[in-house]
Amino acid sequence: MFNVELIGTGSCIPEKVVTNDDLAKIVDTSDEWITSRTGIKERRISTGETTTELAVGAARSALESARISAEDLDLIIVATLTPDDYLPSTACQVQKHIGADNAACFDLNAACTGFIYGLTVASQFIRTGMYKTALVIGAEELSKITDWTDRTTCVLFADGAGAAVLQRGEQQGIISEIIGSDGNKGDCLTCPALPPRNYFIRDDSTKESRSEYVYMNGREVYKFAVTVMPECILKTLEGTGISLSDIDHIIPHQANLRIIDAAAKKLNLDASKFYVNLPRFGNTSGASIPIALDEMAKANRFKKGDLIILVGFGGGLTYGAMLIKWTMGE
Ligand code: ACO
């Protein structure tokens with residue numbers, strides 16, 4: 001088996017900042033409620049940027065940081081639940097825009113855990129020797145599936161994209177990963193696609209209009225998240241010889257500060273180990289972890305040899321975590 005290293009990160013976020021006070025003008029909410037229940041102060045919302053455009057921006061930024069050209073890519077995976085089109089996939093559209101003519105491309109949907117799923121899939125291709133270099137992108141425009149009259153969800157979600165480049169390397173950068181799902185709890189977080197509709201359907205009930213928006217049972221998602229986050233973190237350490245106290249940084253899915261604090265408490269860890277940028281970006285689903293990863297990398301928060309855990313949960317329900325050794329730098 002080959003080693004896999006993370007060799008570059010990137011991100012792209014819309015310019016438009018929407019504050020809690022801005023939202024209080026359109027739904028019955030307040031900065032105080034949103035801040036105290038979620039930790040979110042503001043978020044970026046598309047004023048026309050598409051999921052593909054955000055993904056392309058993140059891809060370019062990651063290639064630049066990895067100092068490779070798009071033609072070096074063997075694989076592009078885009079994790080998204082908000083593609084612009086059923087066809088072509090977002091990954092194929094990214095391929096076209098950046099000129100990654102040698103890459104196999106596909107999208108993957110594991111909701112907010114999508115980026116960890118994408119890294120996991122890409123890592124298997126590199127470990128087995130089938131591919132050498134892969135680009136994994138988490139890109140979302142949640143604002144287009146958000147009901148802007150529903151105060152229980154519109155204060156949470158946001159738009160953005162982040163990316164990472166993985167490559168076969170000398171050192172073991174990706175040390176371990178786990179992914180999993182619990183489809184039995186899928187009803188907690190839903191967003192319908194098109195219902196069956198064709199010439200041969202005579203039963204009118206299938207033509208009834210369905211919601212186009214995200215529905216969330218916040219309490220159930222909360223309970224799931226505070227249980228699986230600590231479990232996932234501990235599972236990535238199993239059999240590695242690395243203990244929790246050796247970990248330098250944990251980058252959690254940025255859904256809710258209370259969930260992150262609860263996970264830290266369960267693990268008896270100082271909350272400062274968990275990187276948090278959700279006060280500025282809200283919940284960007286599959287984009288939240290790579291945006292945070294890129295922000296930390298660009299701010300030189302990692303030094304060579306640092307041990308980092310990425311951990312997420314989301315619709316499906318899905319969960320996952322990955323243990324990485326930072327192999328870049330001096
Ligand atoms: N502003 C003001 N009041 C609100 C708002 C709002 N934006 N939203 C809900 N309320 C009200 C409710 O109507 C309710 O009022 P009522 O008691 O009169 O009925 C009251 O506040 C309490 O509502 P709850 O839903 O019980 O509030 P809770 O304390 O559970 O907080 C929250 C809601 C923040 C969503 C919480 O359940 C949570 O964090 N859940 C996890 C959600 C999450 O992280 N989702 C994302 C993960 S998956 C993904 O990333 C796609």
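Residues numbered from 1 in each chain as written. Predicted model: local features only at pLDDT ≥ 70, side-chain atom pairs only at ≥ 80, totals over all residues. Heavy atoms only, no water.

(A) Here's a closer look at the pairing of strand 12 (residues 307-314). Counted residue by residue, strand 12 has eight buried out of eight residues, so it is predominantly covered. Along strand 12, one buried face is formed by Leu307, Ile309, Val311 and Phe313 and the opposite face, lined by Ile308, Leu310, Gly312 and Gly314, is buried too. Across eight bridges, the pairing between strand 12 and strand 13 (residues 318-325) is antiparallel. By the bridge assignment for strand 13, phenylalanine 313 is matched with tyrosine 319. The turn joining strand 12 and strand 13, which pair antiparallel and follow one another in sequence, is formed by three residues; a positive phi near 140° is taken by glycine 316. (Buried < 20%, exposed > 50% of the residue type's maximum accessible area, 1.4 Å probe, protein only. Helix = DSSP H or I, 4+ residues; strand = E, 2+ residues; numbered from the N terminus. Pairing = 2+ DSSP bridges.)

(B) Helix 4 (residues 90-98), seen in detail. Within the span of helix 4, buried status applies to Thr90, Ala91, Gln93, Val94, Gln95 and Ile98. Taken together, the buried residues of helix 4 touch helix 3 (51-66), strand 4 (75-79), strand 5 (104-108) and strand 6 (133-141). Residue glycine 99 follows helix 4 closely and has a positive phi angle near 75°. (Contact = heavy atoms within 4.5 Å.)

(C) Inspection of the packing of aromatic side chains at higher detail. Across all of its chains, the model carries four aromatic pairs by this definition. Aromatic pair phenylalanine 125 and tyrosine 131: ring centres 5.2 Å apart, planes at 45°, arrangement tilted. Owing to a relative accessible area of 22%, phenylalanine 125 belongs among the partly exposed residues under this scheme. For tyrosine 131, a relative accessible area of 17% gives the class buried. Considering the side-chain rings of phenylalanine 224 and tyrosine 319, the 6.2 Å spacing of their centres and the 55° angle between planes classify their relative orientation as tilted. Separated by 95 residues along the polypeptide, phenylalanine 224 in helix 7 (residues 218-237) and tyrosine 319 in strand 13 bring together distant segments of the chain. Like phenylalanine 224, the residue tyrosine 319 is buried in the burial classification. Lying over the aromatic face of phenylalanine 2, arginine 168 brings its terminal NZ or CZ to 4.3 Å of the ring centre. (Phe/Tyr/Trp six-rings, centres within 6.5 Å; stacked < 30°, edge-to-face > 60°. Lys NZ or Arg CZ within 6 Å of the ring centre and 35° of its normal.)

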